[in-house]
Amino acid sequence: MKKVVSFLFFLAISATTVKSNDYKIFQSLGKKNLKEFNEVLKKICQNDRFFKNLVSHTSYPKYGSKKNWIEVCKKIKKTKIDKNFLTNKNFKTKLLSQDYGILTGYYEPEIKVSRIKTSNYSIPILKYNKKFRKMKRRLINKKFSSSDVLLWTNDIIDFFFLQIQGSGIGVFENGEKTKILYSENNNLKYTSIGNILIKKKYLDKKKVNLFSIKKFLRENPNKVKNILNENDRYIFFKLNSDIKTSPVGAFGINLVPYVSLAVDKKYYPLGIPILYKERESKNYKPSLAIDTGSAIKGKNRADLFTGSGKDAENKAGMLKKKLLLYVLIPYID
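Analysis parameters
Residues numbered from 1 in each chain as written. Predicted model: local features only at pLDDT ≥ 70, side-chain atom pairs only at ≥ 80, totals over all residues. Heavy atoms only, no water. Patch = residues over 30% accessible without salt bridge, like charges linked within 9 Å, V, L, I, M, F, W, Y side chains within 5 Å. Areas by Shrake-Rupley, 256 points an atom, 1.4 Å probe, with all protein chains shown as cover. Salt bridge = Lys/Arg side-chain N within 4 Å of Asp/Glu carboxyl O. Lys, Arg positive; Asp, Glu negative; His and termini not counted. Charge placed at Lys NZ, Arg CZ, Asp CG, Glu CD. Helix = DSSP H or I, 4+ residues; strand = E, 2+ residues; numbered from the N terminus. Buried < 20%, exposed > 50% of the residue type's maximum accessible area, 1.4 Å probe, protein only. Contact = heavy atoms within 4.5 Å. Disulfide = S-S within 2.5 Å.

**Q** Explain a positive patch on the surface residue by residue, including any values.
**A** A grouping of Lys205, Arg279, Lys320 and Lys322 is seen on the molecular surface, where their side chains present a positively charged patch. Relative to the assigned elements, lysine 322 resides in strand β13 (residues 320–330).

As C-alpha cells, this is what we get:
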C-alpha cells in the first residue's frame, strides 16, 4: 500500500504543527488507558519495525528523525508517560488537518462453527488459494472446493461481519473455541454495504450503524445475498488454537482495547503514538496506530479496537464520533 504523496501533502504537514497548544493538550490528557498505552509504546520502542516504518514513510522526517526517536525511546524505557513527561519537552504534537474526520470502532466477533457441513452449517469459511485472486465474492461462493474450506458456519450475515472485522473466535456446539485469523484477501476493492443500503434508500444515512444494517438484512432475507455480493472484496482466514490472546494488527503486535487504532498508513506510519480527540470531548486520549483497514481512508480517520465478544460489539457498533488525530513526535531538535 505504499503510495506516492504529493508536494501539497508535505506542505500540509509542515504547516499544521500546533506548538502553542501542546501544553494545553497534554494537560487535558485523559488518564484512562494510560497504563496500557505505556506498555504498548515500550514494546514499539523495542521493535525495529517501527523505525523501519518511520524512515520508509513518505513523510519522513516530519514525524521525527530516527535518531530523535531513539533518544526519546531511551527515556520511555525508564519511565512512564504521563502529563509531566509529555510537557517536559519530550514530545510535541502534529495535526495534519483541522477538518474533523470520523472515529468508528471494530471488535473481535464470535461466530458459531462446525468442522463438517450440515443442513444448518452450510456457509464456508475459506482459506486462501491463489485461484481466488481478483475473483469477485459472487464467483468465489460458487467456485470454492471442499479443500478450500476451513470450517462451516450457520449464519451468512455473521460471517460477512467476521470478514469486515478481519478476525474472530469460532465457537463449536460443544463449547470448544478456535481463533479465526485474517490470512489474505482477493485483492479487489472494498465496498461499504452501509453505503449501498443508503443509496438504495433502504436505510436513512443518519441511522446507519452495525445494528441497523444487521436488522435490515435479517428482516429481508431475500435481499441478503445480492446486497452482500455488491462488496467484491473477500477475506480468507487461517486457524489458531490459542484463543486467549487478542488479534494481531498490521504492525505485528497484539491489539489492545481502547488503545489500538487502525489508520490510513498513507498519512500515518504504523507504530506512531497518537492523541485522539472526539469533538464533543474535552479530553485527549492516548492511542497507537498499529493497524489498518480497507475502509479507513484519509486524515483524521480512525477505527478504535474495542475488544472481543458482545460487549465489544455493542460499543464498536455504536461508535461514530467526529475526530481529530494529534501525532506525538519527539521534541528534540
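**Q** Report on unusual backbone geometry, specifying residues and quantitative values.
**A** Omega for the bond connecting tyrosine 60 with proline 61 falls within 30 degrees of zero, at 5°, which places this linkage in the cis form. A positive phi angle, near 70°, is found at asparagine 33, a position not held by glycine. If you trace the backbone, asparagine 33 turns up in the loop between α2 (22–27) and α3 (34–45). Here asparagine 33 falls in the buried class, since its relative accessible area comes to 18%. Residue asparagine 300 is not a glycine yet carries a positive backbone phi of 55°. The residue asparagine 300 is located in the loop between β11 (285–291) and β12 (302–308) in this model. A relative accessible area of 0% means that asparagine 300 is categorised as buried.

**Q** Requested: an account of the environment of alanine 289, with residues and values cited.
**A** Position of alanine 289 relative to the elements: it lies in strand β11. Apart from the residues within four sequence positions on either side, alanine 289 is in contact with Leu261, Val263, Pro269, Leu270, Gly271, Ile272 and Ile274.

**Q** Provide a residue-level description of the state of the cysteines, including the pertinent values.
**A** Going through the model one piece at a time under the given rule, you end up with one disulfide. In this model, cysteine 45 is linked to cysteine 73 through a disulfide, with the two sulfur atoms separated by 2.1 Å. Its S-S torsion of approximately -70° makes the covalent link between cysteine 45 and cysteine 73 left-handed. With cysteine 45 in helix α3 and cysteine 73 in helix α5 (residues 66–78), the pair connects residues that are 28 residues apart, well separated along the chain. With a relative accessible area of 5%, cysteine 45 lands in the buried category.

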